[in-house]
Amino acid sequence: MHTTVAVVGGGPAGLLLARLLRLADIDCVVLERRDRAYVEQRQRAGVLEQSTVDALREAGAAERLDAEGLVHSGVELRWDGRSHRIDFPSLTGGRRVWVYAQTEVVKDLIALHRATGTPVHFEAEVRAVEGVDTERPTVRYTHRGQERTLTCDYVVGCDGYHGVARTAVPQGVRRTYERVYPYSWLGVTAEVPPSCDELVYAHSPRGFALHSMRSPEVSRLYLQVPNGTDPAHWSDERIWDELEARFALDGRQLGRGPVTAKAVLPLRSSVTEPMRHGRLFLAGDAAHIVPPTGAKGLNLAVSDAVVLARALVRRRHTGETDLLDAYSDTCLRRVWRAEHFSYFMTTTLHTDPGQSRFDTRLQIAQLDRIAASPHAEAELALNYAGLPLP
Ligand code: FAS
Ligand code: PHB
């Protein structure tokens, strides 16, 4: 088989890229190693920044998002017995965020591909990406037990942190920057109405906690736990007791209900440069990972897909490769901004097991500053609601 663009990975980056290429009549094939059910139910991100919502609308993939997504105009910070709400529109010129789970974004994109016939092959595991320095790269994969080969004009690695595409960038060319955090998140889904209208990020001597949601009936919560934590050691009662202690909701009880899912997520920052080598492009988690404290992971994947699609369309329509040649630098400027913001939110709000009382006072001083300074507040709001696409 031959196609113009071979897309490795059927997560948000790969599925949106394929949708944008389809709209521009550029043929592509998506190869996804998992089955559709697995990809559609995999619990991940929950917050879409303004640019992501705009991009999904332009891709014709936002009908359900606009009908069911929860529009949020701010977030609440809690620390040292204090609470402060950050308003987005007034600080960002009208930008907001939407709470709409990544699982739903993926379902919406897959439904569009099934309706329009874009070849998205599930249970198709890519084994190797070769010839990226030639004009005809080759992707070798297995599909339902059969060894197969796909040649293409361009190959895009959208295969996440554990994917293979990144390894097609020669060792001597590839630069990796990485930081592993000394704590993880226990992510919890519970059949109980959220106890708050907007997200609450809590700094506590007991550890970080985040109250998010999936719908008016379903809460999504996170709490900082030691690396290597076994979720089986966290009963529903222990989860709710610990969350209540960390949120310290003055007088307000945290609504409790059955926990329907719980999993431990290690926190990591990672960037692979360059995001392009020859005919190979990297997008999304295949190129960069952020700790989810800043809610940037999914949004960066969308941004990469939009920038790359724009470049491939320009190449198709004009023969110009200037946007393709600038792809890596264009994306990395936004990636590193998001990396810093995610690092800032993580290190300001989490209690490192070994941190001193001095470190804790610095965190409290930083949070006090955000509450006291419209400039510090605006910097957080602009980063959280998301900067305009490049
Ligand atoms: P993805 O990892 O979503 O998709 C990559 C796809 O490639 C997968 O479907 C995989 O099966 C496929 N693949 C891998 N190797 C392949 C191969 N060899 N052949 C074919 N296919 C292959 N972000 C937030 O903003 N908030 C959160 O709360 C949050 N929680 C997260 C929890 C977890 C457990 C993880 C891992 C990530 C979380 N993230 C969160 C980040 C997450 O949302 C990612 O940023 C987002 O999924 C990135 O999308 P993609 O780049 O498409 O990568
Ligand atoms: C989520 O709802 O899953 C979520 C929201 C905000 C974050 C991380 C996760 O920072």
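Residues numbered from 1 in each chain as written. Chains lettered and ligands numbered in written order. Predicted model: local features only at pLDDT ≥ 70, side-chain atom pairs only at ≥ 80, totals over all residues. Heavy atoms only, no water.

Quick word on the overall build of the protein chain
Okay, step 1: When helices and strands are counted, the protein chain shows 11 helices and 19 strands.
Okay, step 2: Its C-alpha radius of gyration of 21 Å places the protein chain within 12% of the 21 Å reference for a compact globule of 390 residues.
Okay, step 3: For the protein chain, the spread of C-alpha atoms along the principal axes amounts to about 65 × 40 × 40 Å.
Okay, step 4: Burial analysis of the protein chain (390 residues in total) assigns 57% to the buried set.
Okay, step 5: Considering only contacts in the protein chain between residues 6 or more positions apart, those separated by 24 or more positions represent 71%.
Okay, step 6: A total accessible area of about 16400 Å² is found for the protein chain, and carbon and sulfur atoms account for 49% of it.
Okay, step 7: In the protein chain, which carries 47 positive and 49 negative side-chain charges, the distance between the mean positions of the two groups comes to 2 Å. (Helix = DSSP H or I, 4+ residues; strand = E, 2+ residues; numbered from the N terminus. Rg over C-alpha atoms; globule rule 2.2 N^0.38 Å. Buried < 20%, exposed > 50% of the residue type's maximum accessible area, 1.4 Å probe, protein only. Contact = heavy atoms within 4.5 Å. Areas by Shrake-Rupley, 256 points an atom, 1.4 Å probe, with all protein chains shown as cover. Lys, Arg positive; Asp, Glu negative; His and termini not counted. Charge placed at Lys NZ, Arg CZ, Asp CG, Glu CD.)

Some details on the layout of surface pockets
Okay, step 1: Approximately 210 Å³ is the volume found for the second largest pocket.
Okay, step 2: Lining the second largest pocket, in full, are Leu20, Leu23, Ser51, Asp54, Ala55, Glu58, Ala59, Val306, Ala309, Arg310, Val313 and Leu389.
Okay, step 3: Residue assignment for the lining of the second largest pocket shows that the elements contributing at least two residues are α1 (12-23), α3 (50-58) and α8 (297-318).
Okay, step 4: Of the residues that constitute the lining of the second largest pocket, the class distribution is 8 nonpolar, 1 polar and 3 charged. (1 Å grid on protein atoms, 1.4 Å probe; cavity = no way out; pocket = protein on both sides within 12 Å on 5 of 7 lines; lining within 4 Å. Points joined across faces, edges and corners; volume = space filled by probe spheres on them. Nonpolar A, V, L, I, M, F, W, Y, C, P; charged D, E, K, R; others polar.)

Overview of helix α11 (residues 374-385)
One turn of an α-helix holds 3.6 residues; hence residues three or four places apart share an orientation.
Okay, step 1: The end-to-end C-alpha distance of α11, which contains 12 residues, comes to 16 Å, matching closely the 16 Å that a straight helix rising 1.5 Å per residue would cover.
Okay, step 2: Looking at α11, one finds that the buried residues are Ala376, Glu377, Ala378, Leu380, Ala381, Asn383, Tyr384 and Ala385.
Okay, step 3: Of the residues that open α11, the one with a side-chain oxygen 3.1 Å from the backbone nitrogen of His375 is Ser373.
Okay, step 4: Gly386, located one to two residues past α11, shows a positive phi value of around 95 degrees. (Expected span 1.5 Å × (residues − 1). Polar contact = N/O pair within 3.5 Å; in protein donor to acceptor, adjacent residues only side chain to side chain.)

A few points about the site of ligand 2
Okay, step 1: The environment of ligand 2 is made up of 16 residues, and the closest members are Tyr201, Ser212, Arg214, Tyr222 and Pro292.
Okay, step 2: Here an oxygen atom of ligand 2 and a side-chain polar atom of Tyr201 are 2.7 Å apart.
Okay, step 3: Against a free-state accessible area of 280 Å², the protein chains account for coverage of 97% of ligand 2.
Okay, step 4: Within the residue set of the shell around ligand 2, elements represented by two or more residues are β13 (199-202), β14 (209-213) and β15 (219-225).
Okay, step 5: Considered class by class, the residues forming the shell around ligand 2 number 10 nonpolar, 3 polar and 3 charged. (Near = heavy atom within 4 Å.)

Some remarks on the pattern of salt bridges
Okay, step 1: Tallied over the entire structure, the rule returns 24 salt bridges.
Okay, step 2: Between Arg57 and Asp54 there is a salt bridge, and its shortest N-O distance comes to 3.9 Å. Note that Arg57 and Asp54 are positioned in helix α3 at a spacing of 3 residues, about one turn of the helix.
Okay, step 3: For Asp54, a relative accessible area of 27% corresponds to the partly exposed category.
Okay, step 4: Via salt bridges that share partners, Arg64, Glu68, Glu104, Lys107 and Asp108 belong to a single interconnected network. (Salt bridge = Lys/Arg side-chain N within 4 Å of Asp/Glu carboxyl O.)

What to know about the packing of aromatic side chains
Okay, step 1: Counted under the stated rule, the structure contains 10 aromatic pairs.
Okay, step 2: Their ring planes at 80 degrees and their centres at 5.5 Å tell us that Phe281 and Tyr327 sit as a pair that is edge-to-face. Of this pair, Phe281 sits in strand β18 (residues 280-282) while Tyr327 sits in helix α9 (residues 322-349), and the two are 46 residues apart along the sequence.
Okay, step 3: According to the relative accessible area criterion, Tyr327 is buried, its value standing at 0%.
Okay, step 4: When the ring centre of Tyr154 is taken as origin, the NZ or CZ atom of Arg279, which lies over that ring, is 4.8 Å away. (Phe/Tyr/Trp six-rings, centres within 6.5 Å; stacked < 30°, edge-to-face > 60°. Lys NZ or Arg CZ within 6 Å of the ring centre and 35° of its normal.)

Points about the site of ligand 1
Okay, step 1: Within the structure, ligand 1 sits among 31 residues, and Glu32, Arg42, Arg44, Gln102 and Asp285 are positioned closest to it.
Okay, step 2: Here an oxygen atom of ligand 1 sits 2.8 Å away from a polar atom, N or O, in the side chain of Arg42.
Okay, step 3: Gly297 places a main-chain nitrogen or oxygen 3.3 Å from an oxygen atom of ligand 1.
Okay, step 4: The set of elements that each furnish at least two residues to the shell around ligand 1 consists of α1, β9 (124-130) and α8.
Okay, step 5: Here the shell around ligand 1 is built from residues that sort into 14 nonpolar, 8 polar and 9 charged.

Let's talk about empty space enclosed by the protein
Okay, step 1: Summed over the entire model, instances satisfying the criterion amount to 2 cavities of 30 Å³ or more.
Okay, step 2: Surrounding the largest cavity, Glu49, Lys296, Asn299, Leu300, Arg334, Arg337, Ala338, Phe341, Asn383, Gly386 and Leu387 form its lining.
Okay, step 3: For the lining of the largest cavity, the elements supplying multiple residues, two or more each, are α8 and α9.
Okay, step 4: When its residues are assigned to classes, the lining of the largest cavity shows 4 nonpolar, 3 polar and 4 charged.

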